[in-house]
Structure formats: structure tokens, C-alpha cells
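Each chain, written out:
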Amino acid sequence: MPKLSEVPRSTKLQQILILGRDHWDHDGYDPDSRRAFRLAFQCKTPALGGRVFASENEEGVFYNTCKSPACPSCGHWSTIQWQRQRFCALPEGPYLGITFTMPNTLWPLFAHSPRLCRKLPEIAAHVIGSYARVRYGIEVGVMPILHTFTGKLQFNSHVHALVTGGGLKTSNSEWRLRIFFVRDKLMRSWQRLVIALLRGTLDAGQFDLEMGCDELEDLLQHEEKRKWIVHVQAFHGKEHFLRYAGRYVRRPPIAQWRILAIEDGFVRFWCKDRRLHRWVVVQCTIEEFIDRWSQHIPKRYRHAVRHFGLFAPRRWTQVAATVFANLGTKQRQRPKRLPWAIAIQSQFGRNPQLDKNDQPMKFVRHLAPAPV
């Protein structure tokens, strides 16, 4: 097992991966989580290679970053890039934030079936789009984001959706400024489709759980009689939602400052208790912490964010100019990627174009990845 001193500037999450490497770094572990952990474990180390810059008096080595969803520094940088792009792509105007939840008894069903979990954003977008078309005869833009973790890193599947506060009329392409969603009707549609999804999977015999089919059917019948929770919140702009959602789509499920201590095989971290309305300390073993974390690693080649309605890629290219014209705003150009020197300075704290004496440095050569 490697020592903490072997990883320069190791973060707390990297320390946890180092100490628990025997638990996750083997062929029997989830391959997507293992790949993400290995990259985060090797971030800014010789294992990923690097680049050498030199001036007349000094030579500097900058090791490559990992771009892993399990890496806090790379996730922070990726979040900023995503927020900048979405801020320019979305029009100015009022928005709605709609949150679709489900009872905690159904969380294990989606935790054991990632394929079903990936269908939840599509169901949420279908519920919102169908309501707008039937009630108002308009088409709205929907950006649903799947959220799967709680403050304790336990599995909790629900969907946050950004919805345009108005919509484009399908009859004459005019913009309706205001729309209103009835929570109970959204909830019933969401509940019906989620239960239908689970019942269809049960009938197909695709659930691999300890509970029997009859017990699972009784659970579904009980939950479809209950009242689920759906929140609808109005926003004056898109900034609040983008700041909030950025934590889910690109960054690890826990912030560095929440981790208090890593000692004696245990991890202690802060968690906000919603019932007590205060922060509490949660303790678990390193292996349990890694397993909880692994549940929320996105699958490789899967989109973290999807767009529906007006925001669907093909549809948006057709109506973007009309939407911006109706709202009286100008369409922003896609932001350019930040210069590479600024990116390296943000990640490493140094400008690769200048040495310690402010003398210009030039790129010299690439460093090949070192064997692990």
C-alpha cells in the first residue's frame, strides 16, 4: 500500500483512496468506479505524465490532471466550465425549479439498477412537457438533472429540473410569458410513470433482490396510494439553479471541508440533519465510505445532463433565434475555453509562462506516464 507522502499535495479524498486501495483496486470492484478512483488517485502525479517548462534559470514540471468525476480539483474546474457554457446557452428570463422525489422504500430498487435510474430524468421531462402541452398548448425547455446522494452519501434518487418560466406556442410560435404548474397533478403523473416503470421491470423478472415478487408487488401497491412530494420553485434567473446543479453534475458528492478526520480506519465528516436543523458528525469505516461514494460515480460514456423540449439539441437549433427574439435578449456566443496558462495556474497555483523571478518560460518537452 502506498504511503501518503508518495502523493504530492494529496487531498483528503485522495488519502481515503490511498488507505482503502486494497478494497477497491481489484477486478471484482465496479469497473467504472475503479477507473475513476485510479485516475483521481494519480491526479497531478508522474503516473499521468506531464509537461516541462524552462527558462534560462529554472525548470518547472507540471504533471497532468486526471479529469475524473471523483477528483475534487478537476471536478471544481469542470463545474466552472459547465456553468459558463450553460449560462451563455440559456436565454435570460424567469425559470422554474421542479424537484421530483419518491419514498425511501423505493431507493434500493434504483440503487441496484442503474439502467432504471437513468430513466428518471426522461420521465420527469415527459411529465413536465406533457403538462405544458395539454394545459397551455405550449412547448417548454426542460433540463432535468439526476441527484442520487444524501449528506451521508447514502443513495437517494430524485430529479431536479430547470424549466423555462414561459413557453413557445405550438400554433403561432409566440411566447407565453407565464405558466403555472399544479404540484398534485405533476406528482400523480410522476408517481404513475415511476410505478409503471418498476412494475414493468418486475414483470420482466429483471430485479435481482432478496425480496420476492409478491412482496415487491405489495410494496408498489402501497406506495402508489401514498402522496409523494414534488416541489415547484420560481427563479428570477438561471444563475441560482446553475450554481446549485453544478455540484451534482461534475463534482464529487462530498466537499473537502466536510471531512473532519481520517484515522484508525475511520472517516468522520459533517452532515446537515434536516430534521434537527443542525450539523452532525457521521462516522464510518474507510471501506464503507468508499462503497457509498462508489454508488454515485457516473457510468462511463453516459451524459450527466440531458435536455428536452425546447432545449433538445435538434429542436434548440431551430427555435433558439425565435426564443431569444421573443424574450427581447441577445443570444450569447459560446464561451471560449479559458487560456491554457490560466487553466494551469488555477490547477497548480503557478503560471507556466513565468518562473519565480518573472522570467519567461517556454515549453520544452512532454513527460511520458510513469509506471504505477
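In what follows, the structure referred to is the one given above.
This section reports on the structure supplied with the text. (Residues numbered from 1 in each chain as written. Predicted model: local features only at pLDDT ≥ 70, side-chain atom pairs only at ≥ 80, totals over all residues. Heavy atoms only, no water.)

If you trace the three strands from one edge of the open sheet to the other, you get β4-β7-β8, paired in antiparallel fashion. Of all strands in the sheet, those with a lone pairing partner are β4 (138–139) and β8 (175–176), marking the two edges. Where strand β7 (residues 167–169) and β8 come together, two bridges link them in antiparallel fashion. When the bridges of β8 are listed, L168 appears paired with W175. (Pairing = 2+ DSSP bridges. Helix = DSSP H or I, 4+ residues; strand = E, 2+ residues; numbered from the N terminus.)

To continue, consider the side chain of T79. Turning to its location among the elements, T79 is positioned in helix α4 (residues 72–89). A relative accessible area of 4% means that T79 is categorised as buried. When near neighbours in sequence (up to four residues on either side) are disregarded, T79 contacts G246, R250 and R251. (Buried < 20%, exposed > 50% of the residue type's maximum accessible area, 1.4 Å probe, protein only. Contact = heavy atoms within 4.5 Å.)

Here we take up the pairing of strand β6 (residues 155–164). Within β6, 10 of the 10 residues are buried, which leaves the element mostly enclosed by the surrounding structure. Strand direction decides the pairing type here: strand β3 (residues 95–100) and β6, joined by six bridges, are antiparallel. Residue pairing across strands places Y95 opposite T164, the latter belonging to β6. In this structure, strand β5 (residues 141–149) lies alongside β6, joined through seven bridges in antiparallel fashion. Bridging across to β6, M143 finds its partner in L162. Connecting the antiparallel pair β5 and β6 is a turn made up of five residues, with L153 showing a positive phi of about 70 degrees.

As a further point, take the layout of surface pockets. Of the volumes computed, that of the second largest pocket is approximately 1,400 Å³. Surrounding the second largest pocket, 34 residues form its lining, F149, T150, G151, K272 and R274 being those nearest its centre. Counting residues per element, the ones that place at least two in the lining of the second largest pocket are α4, β5, β6, α10 (239–249) and β11 (266–273). The dominant element in the lining of the second largest pocket, judged by the number of residues it contributes, is β6, at four residues. Considering only residue class, the lining of the second largest pocket consists of 13 nonpolar, 12 polar and nine charged. (1 Å grid on protein atoms, 1.4 Å probe; cavity = no way out; pocket = protein on both sides within 12 Å on 5 of 7 lines; lining within 4 Å. Points joined across faces, edges and corners; volume = space filled by probe spheres on them. Nonpolar A, V, L, I, M, F, W, Y, C, P; charged D, E, K, R; others polar.)

In this section: helix α8 (residues 183–203). The first and last C-alpha atoms of α8 sit 30 Å apart over 21 residues, in line with the 30 Å expected at 1.5 Å per residue. Within α8, burial applies to L186, M187, W190, Q191, V194, I195, L197, L198, T201 and L202. The arc that holds every buried residue of α8, seen down its axis, measures 155 degrees, which confines them to one face. In α8, those exposed residues whose orientation departs by more than 90 degrees from the buried face are R192 and D203. Following α8 by one or two positions, G205 has its phi on the positive side, about 70 degrees. (Expected span 1.5 Å × (residues − 1). Arc of directions from axis to C-beta.)

Now for the pattern of salt bridges. Under the defined criterion, the tally for this structure stands at 14 salt bridges. Between K299 and D32 there is a salt bridge, with the nearest N and O atoms lying 3.8 Å from each other. Taken together, the residues K299 in the loop between α11 (286–294) and β13 (308–309) and D32 in helix α3 (residues 31–42) connect sequence positions 267 residues apart. The salt bridge partner of R292 is E288, with a shortest N-O separation of 2.7 Å. Taken together, the residues R292 and E288, both in helix α11 and four residues apart, mark about one turn of the helix. Taken together, the salt bridges that share partners define one network made up of R21, D25, D27, R34 and R38. (Salt bridge = Lys/Arg side-chain N within 4 Å of Asp/Glu carboxyl O.)

Note that G60 resides in strand β2 (residues 59–63). Counting along the chain gives 302 residues from G60 to K362, while the straight-line C-alpha distance between them is 9.8 Å. When sequence neighbours within four positions are dropped, the list of residues in contact with G60 reads R51, V52, F53 and M361.

Spatially, β9-β3-β6-β5-β13 is the arrangement adopted by the five strands of the open sheet, whose pairing is antiparallel. This sheet does not close on itself; its edge strands, each paired only once, are β9 (230–235) and β13. The strands touched by α8 are β3, β6 and β9; relative to β9, the strand with the most contacts, the crossing angle is about 130 degrees. (Axes fitted to C-alpha atoms, helices over the stretch in contact; angles between N-to-C directions.)

So, about the packing of aromatic side chains. Tallied over the full model, the rule gives 14 aromatic pairs. Note on W24 and F41: the rings are 6.5 Å apart at their centroids and 65 degrees apart in plane angle, and the pair reads as edge-to-face. You can see W24 sitting in helix α2 (residues 21–24) and its partner F41 sitting in helix α3, a full 17 residues away along the chain. Exposure remark for W24: the relative accessible area of 0% places this residue in the buried category. Feature note: the residues W24, F37, F41, F269, F289 and W293 constitute an aromatic cluster, connected by ring pairs. (Phe/Tyr/Trp six-rings, centres within 6.5 Å; stacked < 30°, edge-to-face > 60°.)

As a further point, take the packing of α4 against α10. In a pair of packed helices, the angle between the axes and the distance between the axes together describe the arrangement. At a minimum axis separation of 10 Å, α4 and α10 run at an interaxial angle of 145 degrees. Read as a crossing pair, α4 and α10 show a hand that is right-handed. Of the residues in α10, those in contact with T79, W82, Q83, R86 and F87 of α4 are E239, L242, R243, A245, G246 and V249. For the contact of α4 with α10, the residue count by class is five nonpolar, three polar and three charged. (Left-handed = near helix turned anticlockwise from the far one by under 90°.)

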